[in-house]
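Observations on chain architecture
Now for the letters of each chain:
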Amino acid sequence: MPTDVHQHIWPPALIELLRSRTTPPYLDGWTLHLAGEPPYAADPADHDIAARTRLAAADGLDLALVSLSSPLGIELLPPAEAAPLLTAFHDGALSLPDPFAVWASPCLTAPDAEAVERELRRGCVGLQLPATALLDAAGWAHCAPLLDVLTRHDKPLFVHPGAAPPADGTPPWWPALVPYVQQLHASWFAFRAFGRVRHPALRVCFAALAGLAPLHGERLAARGGGRAEIDFDVFYETSSYGTRAVDALVRAVGIDVVVSGSDRPYALPVVPDLGADAAVHALRTANPARLLHGRI
């Protein structure tokens, strides 16, 4: 099943709730307002379900995994604000037609393991968490009850960039290139230091090649962190990167843990030229299957 593990769609009910808000995150028509980013003019076609279904077919996908975009910051809202937005997302996303499937999202200001279990039982493929919630030992401990649910259900975790801090005077591309990458980089090292010990059987996928954190293996060894052993239950999603970055990561961790993702509609899918059809099959089909279902 050719798979894209990283896409976003706003279901209609979520759009209406975002338009009813007056503080970030909120929509003014089709202009998205977030606390740490400049206003973003969304394209209505990006969230048109029929159009996105046709686009997935044109991309040759049998499976496209949709998630709540964590930079919205919904997971970190007070429970009374987060709950209706999360419900609208889950209900709408789970009703999408083939080839779409859904990553669940939790409220992190009042973590509810039963709510995560309920969404998994409803059909979500796993759980997405913002990297900002997983930057250190305290973050991994705070989220541990949710991750225990994943382990019991043999479902994976998807680590996605979280909300960016305000940065006045920076160019529009700044959040995606600086805080997003820093978050993923830190969360990858925090998982290595604190998360894997607590969750030895958890499969984890880091968006955007984990901010290229695995390329620092030589520095890790030089500074006393040990060799950067390959963890075959940790995966790296390719969105916004091309052949050079993917090739470099493959040299560091091997091809078996790299999975194809696009971040549609915020980026276009890229099929890196790794020199063999078998490599494309690994990224789009074999590796995503192992991420979702474990080793067979």
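So, here is what we can say about the structure in this document. Every value quoted in this text rests on a predicted model; they were computed, and no experiment measured them.

What follows deals with the sheet that holds strand 1 (residues 3-7). Pairing within the open sheet is parallel, and its eight strands lie in the order 1-5-6-7-8-9-10-11. The sheet terminates laterally at strand 1 and strand 11 (258-259), the two strands that pair on one side only. Pairing of strand 5 (residues 63-66) with strand 6 (residues 100-104) involves three bridges; the strand directions are parallel. Counterpart to Val 66 in the pairing with strand 6 is Val 102.

The next point concerns the environment of Phe 206. Inspection of the secondary structure puts Phe 206 in strand 9 (residues 204-206). Residues contacting Phe 206, with those up to four places away along its chain left out, are Phe 158, Val 159, Leu 184, Ser 187, Trp 188, Phe 191, Val 234, Phe 235, Tyr 236 and Glu 237.

We now examine the pairing of strand 6. Most of strand 6 sits out of view: five of its five residues are buried. Side chains of strand 6 alternate between two faces, with Phe 100, Val 102 and Ala 104 and Ala 101 and Trp 103 buried alike. Direction of pairing for strand 6 relative to strand 7 (residues 126-130): parallel, over a ladder of two bridges. Looking across to strand 7, one finds that Ala 104 is bridged to Leu 127. You can see the chain leave strand 6, run along helix 4 (residues 113-122) and come back into strand 7, and the turn it takes is right-handed.

A few words now on a nonpolar patch on the surface. Taken together, Trp 173, Trp 174 and Leu 177 make up a surface patch of nonpolar side chains, about 330 Å² in accessible area. Tracing the chain through its elements places Trp 174 in helix 6 (residues 174-177).

Conventions we followed
- Residues numbered from 1 in each chain as written.
- Predicted model: local features only at pLDDT ≥ 70, side-chain atom pairs only at ≥ 80, totals over all residues.
- Heavy atoms only, no water.
- Pairing = 2+ DSSP bridges.
- Helix = DSSP H or I, 4+ residues; strand = E, 2+ residues; numbered from the N terminus.
- Contact = heavy atoms within 4.5 Å.
- Buried < 20%, exposed > 50% of the residue type's maximum accessible area, 1.4 Å probe, protein only.
- Right-handed = clockwise from strand over helix to strand, strands pointing away.
- Patch = residues over 30% accessible without salt bridge, like charges linked within 9 Å, V, L, I, M, F, W, Y side chains within 5 Å.
- Areas by Shrake-Rupley, 256 points an atom, 1.4 Å probe, with all protein chains shown as cover.
- Salt bridge = Lys/Arg side-chain N within 4 Å of Asp/Glu carboxyl O.

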